[in-house]
Amino acid sequence: MASSSEGSGDALLPDFPRGPLQAYRARASFSWKELALFLEGEDMLRLKKTIFSALEDDPLFARPGGGDLPMEKYRELNFLRCRRVFEHDLLRVEDMLQSPLKVWALVNCLGMYDWSLAAKFFLNVLVFGSAIYNSGSERHFKYIPKIFSMEIFGCFALTELSHGTNTKAIRTTAHYDPTTEEFIIHSPDFEAAKFWVGNMGKTATHAVVFAQLHTPGGGCHGLHAFVVQIRDPKTLLPMPGVMVGDIGKKLGQNGLDNGFAMFHQVRIPRQDLLNRAGDVTPEGTYVTPFKDDRQRFRMSLASLSSSRVSIVGMSVVNLKLAVSIAIRFSATRRQFGPTDKEEIPVLEYQMQQWRLLPYLAAAYALDHFSKSLFLDMVELQQGRLGKDASAGQAELGREIHALASASKPLASWTAQRGIQECREACGGHGYLAMNRLGHLRDDNDPNCTYEGDNNVLLQQTSNYLLSLLARRAQGGAHCKSRLKTVDFLEAYPDILGQRFEVPSLEDCLDSSVPLAAYEWLVCYLLRESDQKLNQEKRSGSNDFEARNNCQVYYCRSLALAFLELTVVRRFHEHTHQPSVPPPLRAVLRRLSALYGLWSLSQHTALLYRGGYFSGEQAGKMIETAILDLCSQLKDDAVALVDVIAPPDFVLDSPIGRADGEVGVRPGSKMVSPLTDTLT
């Protein structure tokens, strides 16, 4: 008899058509429908099904045959599709406010279909719109309904041609004129042109523009955000004083019109300063609720952390799509065998399992982490909107900033490596454009760069950790945080004295083992980074030089290890909670252990160098455990993919079809994956 969860799942999650993948599905140790319901819940699954059905049933979203569209045609079609998403009214504004995860789901579902579409929608509604809502005040809320009615179309203009990650050096200016109560937005030269701005190339009518705010006699008050109209909404012609255009073809996401803009003495009303971080009176006096300039600066750029968290989700989606394609293909592709007459699926080979299944585990672990971090960000934003100025709120902001700054590098790099591994694991078929892995690789690549270069961002996280250690050393301050990500540092000296003591392989097959090892690793790298920093200062380096000389092998590794620890801890706690249904516990805990041990294995040299590992047995046990977990998860791999893969129309990969009938593009005639021609 089916359980109640299975009964509700049958209606919401219909069975897959029978085909070559049926053999693996029959061997799964759990019900994929039960796992989907546990991880997502009925409401979320129903929303996703509504979104996917709306796309598949609308002719405007039909996949073009015969190769890629010309760039201009693609951008025109992408805008029409974006407008249609609004017309479908898939998620109302009140739903977005009441259930923020549904916003997350909508963007990621659109991204599974096409990241150019998702980015266009996301930049307009969630980046431009959220910047106004979170950084402005009631006088700016008039813009919000105009976004959803598409009376205006927005973009977020921070990056300039000569400055991106170094936001403090942004050179666009906003001088206040008290005689007219206007700000004068100006680009001093071409290097100060706003650049790489998504939606700005062709379609944006308004921009949130970041500029250095100047008042008469008061000097420069630093970076602030302004709402600036850049085009006429009816004609899309540039406004007076605005030079705006498209930057041209990119490596990927070419349905999105990235653009540039220069401003020549463009006047805007005083009220169009987004004033949560600071305001200017009609007479020209600058006022701010923040006593600390650094805190005010962080408030001005608060939207960047939320964007980075969103990029984590985008990267995870790309990894999900890639492993779905590669694992389904590996379960149907047969090569060699014990006899000349019998070929076996390549998923049966240990090498293929070792190449792919850790990335499947990573997709699950990072997916859970990204959702939890998104909800942490929502909590922070709600506190800011409620004008919570407490020390706890400020500390939460610093903690989330540190997490967001390291999670974007970890997720985007994991997806980058994972997509490439999936591409190679599919052999020549993986190199065919029609199978989508190349597009996923190109579309994921900018996640490593925008909203902050990955290597530079990691310094924000290591600086946060080093500051905690310094506070602890100076005054014995407790290492405790709202999200408990650094609470383990309370036992910093004791953890450094621990060693790897796992008596048997069976004991190693649990994520508590890499969790303990990661706590030691972070403490070790924190001590080494702190000692290296002090050594550089003692040798005569100033603070800038000292920190710069501590990144390679020290602070960079520290930041990544800390974030990996946080992901491992959250997924371990999630998979070991009492509410996990008994039939799902084994497979979820194997995923948790595999992700933790696989990630940890990349730091084997450090674990030996620092003395946590000793003798060859420790390293061998980790490797054997990884391979054992891969073997245990092999028969569950297809069912695990069934939980995370979108419908065939959205996945759009002939070798990744849900029925395993390789070579048929959804909604098309038979296509040969070898020739990309009709047969």
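Residues numbered from 1 in each chain as written. Predicted model: local features only at pLDDT ≥ 70, side-chain atom pairs only at ≥ 80, totals over all residues. Heavy atoms only, no water.

As recorded by an unreviewed UniProt entry, the chain carries the name Acyl-coenzyme A oxidase and is attributed to Equus caballus. Under the UniProt heading Pathway (unreviewed entry), the entry covering the chain gives this text: "Lipid metabolism; peroxisomal fatty acid beta-oxidation." In its Function (unreviewed entry) section, the UniProt record describing the chain reads: "Oxidizes the CoA-esters of 2-methyl-branched fatty acids." (UniProt positions renumbered as here; feature names shortened; annotations may be inferred.)

What follows concerns the overall build of the chain. Per the secondary structure count, the chain includes 26 helices and 13 strands. A compact globule built from 679 residues should have a C-alpha radius of gyration of about 26 Å, and the chain, at 26 Å, falls within 12% of that. Across its three principal axes, the chain shows a C-alpha extent of roughly 90 × 65 × 45 Å. A total of 679 residues make up the chain; the buried ones form 57% of that total. In the chain, of all internal contacts separated by at least 6 residues, the share reaching a separation of at least 24 is 73%. Accessible surface, the chain as shown: approximately 28100 Å² in total, 53% of it carbon and sulfur. (Helix = DSSP H or I, 4+ residues; strand = E, 2+ residues; numbered from the N terminus. Rg over C-alpha atoms; globule rule 2.2 N^0.38 Å. Buried < 20%, exposed > 50% of the residue type's maximum accessible area, 1.4 Å probe, protein only. Contact = heavy atoms within 4.5 Å. Areas by Shrake-Rupley, 256 points an atom, 1.4 Å probe, with all protein chains shown as cover.)

Right, let's get into the nonpolar core. By size, the foremost hydrophobic cluster in this structure holds 188 residues, and its most contacted members are Ile327, Leu360 and Tyr595. Of the residues forming this core, the biggest block, 16 residues, is contributed by helix α12 (residues 350-385). By size, the runner-up hydrophobic cluster in this structure holds 25 residues, among which are Cys155, Ala204, Leu273 and Val280. (Core = buried A, V, L, I, M, F, W, Y, C linked by side-chain atoms within 4.5 Å.)

Scanning the model with the defined rule gives 0 disulfides in all. Sulfur of Cys550: no disulfide; nearest cysteine sulfur belongs to Cys555 and is 5.2 Å away. With relative accessibility at 0%, the residue Cys550 sits in the buried group. (Disulfide = S-S within 2.5 Å.)

The subject of this paragraph is a nonpolar patch on the surface. Taken together, Val93, Leu97, Tyr133 and Leu385 make up a surface patch of nonpolar side chains, about 310 Å² in accessible area. Looking at the secondary structure, you find Leu97 in helix α6 (residues 93-98). We classify Leu97 as exposed; its relative accessible area is 55%. (Patch = residues over 30% accessible without salt bridge, like charges linked within 9 Å, V, L, I, M, F, W, Y side chains within 5 Å. Salt bridge = Lys/Arg side-chain N within 4 Å of Asp/Glu carboxyl O.)

Tracing the sequence through the fold places Asp114 in the loop between α7 (100-113) and α8 (115-135). As a buried residue without a salt bridge, Asp114 has its nearest oppositely charged side chain in Arg81, at a separation of 4.5 Å. In terms of polar contacts, Asp114 uses its side chain to reach the backbone amide nitrogen of Ser116, at 3.0 Å. Non-local contacts of Asp114, meaning those with residues more than four positions away in its chain, are made with Tyr74, Asn78, Arg81 and Arg436. (Lys, Arg positive; Asp, Glu negative; His and termini not counted. Polar contact = N/O pair within 3.5 Å; in protein donor to acceptor, adjacent residues only side chain to side chain.)

Structural remark: α-helix, 3.6 residues per turn; residues separated by three or four positions point the same way. With 35 residues, helix α13 (residues 391-425) extends 50 Å between its outermost C-alpha atoms, agreeing within 8% with the 51 Å of an ideal straight helix rising 1.5 Å per residue. Counting buried positions along α13 yields 25 of 35 residues, so the element is predominantly enclosed. Positive backbone phi, at 60°, marks Gly427, one or two positions downstream of α13. (Expected span 1.5 Å × (residues − 1).)

Turning our eyes to something else, we now look at the side chain of Asp659. Locating Asp659 in the fold gives a position in the segment after α26 (648-651). Among the residues examined, Asp659 registers a relative accessible area of 8% and is labelled buried. Side chain to side chain, Asp659 and Arg657 meet in a polar contact 2.9 Å long. A polar atom in the side chain of Asp659 sits 2.9 Å from the backbone nitrogen of Glu661. Other than its neighbours up to four places away in sequence, Asp659 contacts Pro17, Arg18, Gly19, Pro20 and Leu21.

Okay, the pattern of salt bridges next. Counted according to the given criterion, the structure contains 37 salt bridges. Of the charged contacts in the structure, one is a salt bridge between Arg527 and Glu528, with a shortest N-O distance of 3.5 Å. Classification of Arg527 by relative accessible area gives partly exposed; the value is 29%. Look at the salt bridges and you will find they share partners, linking Glu40, Lys48, Lys320, Asp367 and Lys371 into a network.

Before going further, it helps to examine the pairing of strand β1 (residues 154-157). Here β1 shows two buried faces, one formed by Gly154 and Phe156 and the other by Cys155 and Ala157. As paired elements, β1 and strand β5 (residues 206-215) share 4 bridges and run parallel to each other. The residue of β5 that forms the bridge with Cys155 is Ala207. (Pairing = 2+ DSSP bridges.)

With that out of the way, let us pick up the sheet that holds strand β8 (residues 258-263). In spatial order, the strands read β4-β8-β7; together these 3 strands make up an open sheet with antiparallel pairing. The open sheet is flanked by β4 (194-198) and β7 (242-246), the only strands paired with a single partner. This sheet shows a mean twist of 25° between the axes of neighbouring strands, independent of strand direction. Pairing of β4 with β8, which is carried by 3 bridges, proceeds in the antiparallel orientation. Bridging across to β8, Lys194 finds its partner in Ala261. (Axes fitted to C-alpha atoms, helices over the stretch in contact; angles between N-to-C directions.)

Moving on, we get to the packing of aromatic side chains. The tally for this structure, following the rule as stated, stands at 20 aromatic pairs. Here the aromatic rings of Phe16 and Trp32 are separated by 4.9 Å at their centres, their planes lie at 35°, and the arrangement is tilted. Linking Phe16 in the loop between α1 (4-12) and α2 (22-27) with Trp32 in helix α3 (residues 32-40), this pair joins segments that are 16 residues apart in sequence. The class for Trp32 is buried, based on a relative accessible area of 15%. Relative to Phe210, the ring of Phe156 lies with its centre 5.1 Å away and its plane at 65°, an arrangement referred to as edge-to-face. With Phe156 in strand β1 and Phe210 in strand β5, this pair connects stretches of sequence that are 54 residues apart. The exposure class assigned to Phe156 is buried, which follows from its relative accessible area of 11%. The rings of Phe500, Trp520, Tyr524, Tyr608, Tyr612 and Phe613 are connected pair by pair, giving a single aromatic cluster. (Phe/Tyr/Trp six-rings, centres within 6.5 Å; stacked < 30°, edge-to-face > 60°.)

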